[in-house]
Amino acid sequence: MRNELVVGLVSISDRASGGVYQDQGIPALQDWLAQALTTPFRVETRLIPDERAQIESTLVDLVDNVRCDLVLTTGGTGPSRRDVTPEATLAVATKEMPGFGEQMRQISLHFVPTAILSRQVAVIRETPDHAALIMNLPGQPKSIKETLEGLKDAEGKQIAGGIFAAVPYCIDLIGGPYIETNEAVCKAFRPKSAIRKSS
């Protein structure tokens, strides 16, 4: 069985892809994954404009051809006309996973009332012999970290659970590699029956 996790990172921005400013989404995701994951992984990165057809074809390519197990997008999830990431993500999906988007907005609402304007979705895309979890994340590095990790109070007690805690078990259920995490960053949750002993 394949052990290496393959993660697609897609930053969706007209201006960053056009060189107007430096993309911050992909570096933020790479840094967070490097701290959070203790199992081997490699990333495939894409920086693309807010064009629905291009977003769709990029997601399809990362899942079907590159065979990513997890695809994280950043950007393009607001209400403006150019924000089409959720539509493109839903268009390539075989299953919706609404709990991820609900929890992301819940976390962001601790900081800003405009969190309800964000339209992040998460889906599964299945092919006959492979499946991947695709999640839309916020565009700002600080928000990316908060939604993945969750929120803790001054004593380190969890106030709101981060979405990544559920990702390893989700990847198990769709046939992907077994993911372990650095508990100081994000403790993965699995039912007792799904926990494997470290060799």
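Residues numbered from 1 in each chain as written. Predicted model: local features only at pLDDT ≥ 70, side-chain atom pairs only at ≥ 80, totals over all residues. Heavy atoms only, no water.

Colleague: So what exactly am I meant to see when it comes to the pattern of salt bridges here?
Modeller: Side chains that carry opposite charge are capable of pairing whenever their charged atoms lie near each other. For the structure on display, the rule yields 15 salt bridges. Residues aspartate 14 and arginine 82 are paired through a salt bridge, measuring 2.9 Å at the closest nitrogen-oxygen approach. Of this pair, aspartate 14 sits in helix H1 (residues 14–17) while arginine 82 is found in the loop between strand E3 (70–74) and helix H4 (85–91), placing the two residues 68 residues apart along the sequence. Residue glutamate 56 is joined to arginine 52 by a salt bridge in which the shortest nitrogen-to-oxygen separation is 2.6 Å. Taken together, the positions of glutamate 56 and arginine 52, both in helix H3 (residues 52–65) and four residues apart, correspond to about one turn of that helix. Judged by its relative accessible area of 22%, glutamate 56 falls in the partly exposed class. Here the salt bridges share partners, and the residues they tie into one network are Glu4, Arg42, Glu44, Arg46 and Asp61. (Salt bridge = Lys/Arg side-chain N within 4 Å of Asp/Glu carboxyl O. Helix = DSSP H or I, 4+ residues; strand = E, 2+ residues; numbered from the N terminus. Buried < 20%, exposed > 50% of the residue type's maximum accessible area, 1.4 Å probe, protein only.)

Colleague: Looking at this structure, I do not really get the environment of arginine 196. What am I missing?
Modeller: Take arginine 196: it is sitting in the segment after helix H7 (167–173). Judged by relative accessible area, arginine 196 falls into the partly exposed class, the value being 44%. A sequence separation of 176 residues divides arginine 196 from valine 20, and the C-alpha atoms of the two residues are 46 Å apart.

Colleague: What is the right way to read the pairing of strand E1 (residues 5–12) from this model?
Modeller: Residues in a regular strand project their side chains so that they alternate between the two faces of the sheet. The element E1 is largely enclosed, with a buried count of eight among its eight residues. Burial along E1 is two-sided: Leu5, Val7, Leu9 and Ser11 and Val6, Gly8, Val10 and Ile12, pointing in opposite directions, are all buried. Where E1 lies against strand E2 (residues 41–48), eight bridges are found, and the strand directions are parallel. Within E2, the residue paired with leucine 9 across the bridge is threonine 45. Relative to E3, E1 runs parallel, the two being bridged by five bridges. For serine 11, the partnering residue across the bridge sits in E3 and is threonine 74. (Pairing = 2+ DSSP bridges.)

Colleague: Hey, could you run me through the side chain of serine 11 in this one?
Modeller: Considering the arrangement of structural elements, one finds serine 11 in strand E1. Assessed through its relative accessible area of 3%, serine 11 is described here as buried. Among the polar contacts listed, one links the side chain of serine 11 to the side chain of aspartate 23, at a separation of 2.4 Å. Filtering out sequence-adjacent residues up to four positions away, serine 11 remains in contact with Asp23, Ile26, Arg46, Leu47, Ile48 and Thr74. (Polar contact = N/O pair within 3.5 Å; in protein donor to acceptor, adjacent residues only side chain to side chain. Contact = heavy atoms within 4.5 Å.)

Colleague: Can you help me understand the pairing of strand E6 (residues 130–137) in this one?
Modeller: Burial analysis of E6 places eight of its eight residues in the buried class, the great majority of the element. On E6, burial covers both faces: His130, Ala132, Ile134 and Asn136 on one face and Ala131, Leu133, Met135 and Leu137 on the other are all buried. Pairing between E3 and E6: five bridges, direction parallel. Bridge pairing in E6 links threonine 74 to leucine 137. Here strand E5 (residues 122–127) pairs with E6 via six bridges, running antiparallel. The partner of threonine 127 across the bridge, within E6, is histidine 130. Counted along the chain from E5 to the antiparallel partner E6, the turn is two residues long.

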